[in-house]
There are 2 protein chains.
Amino acid sequence: MSLLLSVSQLRGPLLSQLRPSSSIIVRKMSSIEQFKQSPHKLLVIPGPIEVSDEVLFANAHPSVSHVSPDFIPVLGDCIRMMRTVVDTAEGQPFLIAGSGTLGWDQIAANLVEPGENALVLHSGYFGDSFAECLETYGANVDQLKAEIGSAVSQEAIAEALNKKKYKLLTFTHVDTSTAVLSDAKSIVETVRRISPDTLVALDGVCSVASEEIHMDQWDVDVIISASQKGLGTPPGLSILVASKRAMQAFSSRKSRPTSYYGSWKKWLPIMKAYESGKPAYFATPPVNLIYAFHASLSKITKSAPSLSNRYELHREASRRIKTAAKELGLNQLPLDSAFAANGMTALWYPDGLGAGDIIPRLLKKGIVVAGGLHVDAKDKYFRIGHMGITAVEKSRDDVDTVIKALEETLAEAAAEK
Amino acid sequence: MSLLLSVSQLRGPLLSQLRPSSSIIVRKMSSIEQFKQSPHKLLVIPGPIEVSDEVLFANAHPSVSHVSPDFIPVLGDCIRMMRTVVDTAEGQPFLIAGSGTLGWDQIAANLVEPGENALVLHSGYFGDSFAECLETYGANVDQLKAEIGSAVSQEAIAEALNKKKYKLLTFTHVDTSTAVLSDAKSIVETVRRISPDTLVALDGVCSVASEEIHMDQWDVDVIISASQKGLGTPPGLSILVASKRAMQAFSSRKSRPTSYYGSWKKWLPIMKAYESGKPAYFATPPVNLIYAFHASLSKITKSAPSLSNRYELHREASRRIKTAAKELGLNQLPLDSAFAANGMTALWYPDGLGAGDIIPRLLKKGIVVAGGLHVDAKDKYFRIGHMGITAVEKSRDDVDTVIKALEETLAEAAAEK
């Protein structure tokens, strides 16, 4: 009995008393060493991404009270580790059950008051949606739209900022619909030069932990993300980090936040309580997913490779896939490699071939890629994700597997035509 | 190799090709027969609750695309099974990543237009919060407050409805802070008699699947819930079912929904698409949690015991715990047994004893109960949850375990005083 207690970290005395006969089975099957996720197709879409066994096992954690001393430091750690991921000393993280989209609502409802101006930089599908979200909560929104495959130029941003005073400027760091990477550092520089008080929000749903981000150094005010892309966790968590300037703008707003579930007035005391080791309640956090997120963040921030090495590994995976695609005659959506994301690749179908020639063939080889998403070109291109363990854990051979399958697929498709 | 393929349901050809040496391990560890959750304290708070191994294993499902043919019917089934759970033929379910609280936002943002009147029946902590949520989105809210331990009387409801026209009436079916069960059927009858068009929203976060609910027969317009209580799944899913009358009120609103993430304008096409077997995208659903929810709903709606037997088993577990508590001299918060929930029990501490005498002692015995939550009496009572497998799977002996631990705890505490 004493052995069992030590193995189960003193957490199962009751169970062991009630079911002594099954104690050996309990010990065997409930350890991460013994858990391996089911065989499955290789998921290389731009999110959700492949998730490690450790993270999935943590997602299968037994039920725990959201206010228990066991759970409080787990959420507290996640808050602290998110600061490390986006490279901020004092940014305020918010971790709330929801999809990445909820981050837009948080920004719109907490940082903009009805009637204030917001400028949305549009580099794909997600610009339109973010703009609509801001309007829903009463903002006056202008959009600057880049042509498909490019990002808005600094000149265009400067011109817009010179014309009108904006409370908020938003941009999509990597637009999942186009794989266009915006130059975050330059955007903030332009804003600070012309309109220093304008808050800058970076939509990092498809960039956090796969593209280099330095929140403090670049002076970004809000970063939003979601758990299922570079952060390597199943979907279901809306992640946001707000700068001091953003929190100042929030606390000096005249009207109350225009969302209830997304209100920082409700969530700020909760985040502060958990970080300081105390329980608090507003809405039940997604306990299991927080355990999973903790497992992934621990790997990302506290073990090799380092964050900067991770970014390099993402760049390397990206280079390899983009080079192979080029050799196969596949052109990228991004018009310039300076605009191309490192966590995903968007490729036009070659002349004479379409989705039906490529995607099902890859699927037969056990590879899941994504079709197009941009409204203007939905059926003309496809997308490959290479984030998280697919890019970082070379021993998985995911990048080679994808390249090989792509080569075979194109050869087969060409042969059939 | 062919054996492995059949075992892995043809889903792992790639993995098996890449890692033939580990194929036996893969087969062993990735099956539900081999998975057992870690030993842990027995969680008997009013949510999250104990979750079965099947549900946790489903939560550890390998990553799957949210628009893949594998996943679409899983979400589609969940939508269909939710109708069965709340006993409606044509109600429209919404399953969205979020906490139960998000259900309030959905109601406030989709069913009430700014300036319209709402009446909130208050039987505990959650009435105040629901009222604040409705006000956030512009409703004019009146509250009818019952004294602690009771629900609002039909007379008081009738009087309020006679005085003013309300677009919406809300009530908390089981208030988690007090264990008070409101009489849903009578409330709707009163509303239909006096103000037939008023929409009736039932907050069933702490009642769905543990208390009897017949949405169509009782003529309820909206039911909200969350995954982590009677529905036996980890937290992170906001669940809502809307009647035809509610959807009619929604589609005839003059202003647009006042939430973006919670907008039914966005979610209705998604729910309809998944239910009809087609992919659609608004925000990434919590894929793993949907697999887990599917496992739990399948058990609840498609296997023995039947739903009506489940309700009876909850009533039986509740009777046993409440009777044992009474014999130990512990009084319930609910003033009348007609007001007492069947999925949880709220008990005043006996004279001379407090939280410190009871909760840590139970914890030492491996039992996690919850403290008080109602602002007026937070430190004077505690709460025990008995929902889901704790109530239904008698072979677990959870109810006996709780009663025995409670008896020992009170004896020890009394001996020490």
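Values in this document were obtained by computation on a predicted structure and should not be read as measured data. Throughout, a residue's number is its position along its own chain's written sequence, starting from 1. As a convention, the first chain written is A and the first ligand written is 1, with the rest following in written order. At least 70 in pLDDT is required for a residue's local features to be given in this predicted model, at least 80 for side-chain atom pairs to be given and counted, and no such filter applies to totals for whole chains, interfaces and linings, which use all residues. As a convention, hydrogens and water are excluded, and side-chain values are obtained from all of the structure's heavy atoms.

A. Geometry of the UniProt feature "modified residue: N6-(pyridoxal phosphate)lysine" (unreviewed entry) in chain A. Residue and element names in this part refer to chain A. UniProt positions are given in the numbering used here, feature names are shortened, and annotations may be inferred rather than shown by experiment. Mapped onto the present numbering, the UniProt feature "modified residue: N6-(pyridoxal phosphate)lysine" (unreviewed entry) falls on K229. With respect to the helices and strands, K229 occurs in the loop between strand 9 (222-226) and strand 10 (237-242). Here K229 is in contact with P46, G47, I49, T176, V205, C206 and M387, once residues within four sequence places are set aside. Under this definition, polar contacts are N or O atom pairs within 3.5 Å; protein pairs additionally need one hydrogen-donor-capable and one acceptor-capable atom, and for neighbouring residues in sequence, both atoms have to be side-chain atoms. Among the polar contacts made by the side chain of K229, one reaches the side chain of T176 at a distance of 3.4 Å. Helix and strand labels come from DSSP, where a helix needs a run of H or I of at least four residues and a strand needs a run of E of at least two; each type is numbered from the N terminus. In this description, contact between two residues means that some pair of their heavy atoms is separated by no more than 4.5 Å.

B. Layout of the interface of chain B and chain A. Taken together, the contact between chain B and chain A spans 78 residues of the former and 78 residues of the latter. Buried area counts how much accessible surface, traced with a 1.4 Å probe, disappears from two parts once they are put together, with both parts' losses summed. Summed over the three residues of chain B that lose the most area to chain A, namely B:P39, B:S63 and B:Y260, the buried surface amounts to 11% of that side. The salt bridge definition used is simple: a Lys or Arg side-chain nitrogen within 4 Å of an Asp or Glu carboxyl oxygen. Remark: the boundary between chain B and chain A carries four salt bridges. In this structure, B:E132 engages A:K266 in a salt bridge whose closest nitrogen and oxygen atoms are separated by 2.9 Å. Inspection of the chain B/chain A interface yields 24 residue pairs in polar contact (both at pLDDT 80 or more). When residues of the side of chain B that touches chain A are traced back to their parent elements, those giving at least two are helix 2 (13-18), helix 3 (23-29), strand 1 (42-43), helix 4 (53-59), helix 6 (102-110), helix 7 (125-136), helix 13 (287-302) and strand 12 (367-368) of chain B. Under this grouping Gly is polar, as are all residues other than the nonpolar Ala, Val, Leu, Ile, Met, Phe, Trp, Tyr, Cys and Pro and the charged Asp, Glu, Lys and Arg. For the side of chain B that touches chain A, the per-class residue count stands at 39 nonpolar, 26 polar and 13 charged.

C. Focus on the UniProt feature "binding site: substrate" (unreviewed entry) in chain A. Residue and element names in this part refer to chain A. When the UniProt feature table is mapped onto this chain numbering, "binding site: substrate" (unreviewed entry) sits at R383. Relative to the assigned elements, R383 resides in strand 14 (residues 381-385). Burial status follows relative accessibility: with a 1.4 Å probe on protein chains alone, a residue under 20% of its type maximum counts as buried, one over 50% as exposed, and anything between as partly exposed. For R383, a relative accessible area of 8% translates into the label buried. The contact partners of R383, leaving out residues within four places of it in the chain, are V44, P46, T176, S177, M344, T345, A346, V369, A370, G371, G372 and L373. Among the polar contacts made by the side chain of R383, one reaches the main-chain carbonyl oxygen of T176 at a distance of 2.8 Å.

D. Region of the structure containing the packing of helix 6 of chain B against helix 7 of chain B. All names here are of chain B. Geometry is summarised by axes, namely lines fitted to C-alpha atoms with helices restricted to the contacting stretch, and by angles between N-to-C directions that run from 0 to 180 degrees. Put simply, helix 6 and helix 7 touch, their axes get as near as 9 Å, and they point 40° apart. The angle between the axes of helix 6 and helix 7 places the two elements in the oblique class. In this structure, the crossing between helix 6 and helix 7 has a hand that is right-handed. From helix 6, W104, D105, I107 and A108 reach across to helix 7, where they touch F126, S129, F130, C133 and L134. Here the residues of the contact of helix 6 with helix 7 are counted per class, giving seven nonpolar, one polar and one charged. For classification purposes, an angle smaller than 35 degrees is called roughly parallel, one larger than 145 roughly antiparallel, one from 65 to 115 roughly perpendicular, and anything else oblique. What makes a crossing left-handed is the near helix being turned counterclockwise from the far one by less than a right angle; a clockwise turn instead makes it right-handed.

E. Focus on the packing of aromatic side chains. Note on aromatic pairs: the rings of Phe, Tyr and Trp (six-membered ring only in Trp) are paired at centre separations within 6.5 Å, and the planes decide the class, stacked below 30 degrees, edge-to-face beyond 60, tilted for the rest. Evaluation of the coordinates by the stated rule reveals 33 aromatic pairs over all chains. Between A:W267 and A:F282, the ring centres sit 5.1 Å apart and the planes meet at 90°, which makes this aromatic pair edge-to-face. Residue A:W267 is located in helix 12 (residues 264-275), and its partner A:F282 is located in the loop between helix 12 and helix 13 (287-302); the two are separated by 15 residues in the primary sequence. A:F282 matches A:W267 in its accessibility class, with the two residues each being buried. The rings of A:W104, A:Y125, A:F126, A:F130, B:Y260, B:Y261, B:W267, B:Y281 and B:F282 are connected pair by pair, giving a single aromatic cluster.

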